[in-house]
Amino acid sequence: MGRSAEAFEEEQRALDARVESLLAAHRGDPRAVIEMLLLAADSRAERISYGYVRGRLPDQQ
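Residues numbered from 1 in each chain as written. Predicted model: local features only at pLDDT ≥ 70, side-chain atom pairs only at ≥ 80, totals over all residues. Heavy atoms only, no water.

Participant: What should I look at first to understand helix α1 (residues 5–25) in this one?
Facilitator: Helical geometry note: an α-helix holds 3.6 residues per turn, so side chains three or four residues apart project in the same direction. In this model α1 runs 30 Å from its N-terminal to its C-terminal C-alpha over 21 residues, within 8% of the 30 Å that 1.5 Å per residue would give. Immediately downstream of α1, the backbone of R27 shows phi near 55 degrees, a positive value. (Helix = DSSP H or I, 4+ residues; strand = E, 2+ residues; numbered from the N terminus. Expected span 1.5 Å × (residues − 1).)

Participant: Looking at this model, I keep getting lost on the pattern of salt bridges. Mind explaining?
Facilitator: Proximity of charged atoms lets side chains of opposite charge pair with each other. Within this structure, the stated rule accounts for one salt bridge. When the shortest N-O distance is used, the salt bridge between E10 and R13 registers 3.0 Å. Of the two residues, E10 and R13 are both situated in helix α1; the distance of three residues between them amounts to about one turn of the helix. What makes E10 partly exposed here is its relative accessible area of 46%. (Salt bridge = Lys/Arg side-chain N within 4 Å of Asp/Glu carboxyl O. Buried < 20%, exposed > 50% of the residue type's maximum accessible area, 1.4 Å probe, protein only.)

Participant: Where do I start with unusual backbone geometry in this structure?
Facilitator: The bulk of non-glycine residues show a negative phi, and the bulk of peptide bonds are trans. The backbone of R27 sits at a positive phi, close to 55 degrees, despite the residue not being glycine. Inspection of the secondary structure puts R27 in the loop between α1 and α2 (30–48).

Participant: Is there a simple way to think about α2 in this case?
Facilitator: Taking 1.5 Å of rise per residue, 19 residues should cover 27 Å, and α2 covers 27 Å from first to last C-alpha, within 8% of that figure. Two or three places before R31, at the start of α2, stands the capping residue D29, its side-chain oxygen 3.1 Å from that residue's backbone nitrogen. (Polar contact = N/O pair within 3.5 Å; in protein donor to acceptor, adjacent residues only side chain to side chain.)

All we've got here are geometric facts, nothing functional implied.
See the structure below:
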């Protein structure tokens, strides 16, 4: 059975609030928000790619 419309709407409101918060933090500049999100994703990917993938542990560089 699918999710209720109320549950979906609540999740959408929460997501909208996060987007608005990001925009407010970057003075309404969507390019700055996108750049920050890309940098965060790149940083996370770099941290995650240690260990089994690269044969290194996070504390080894």
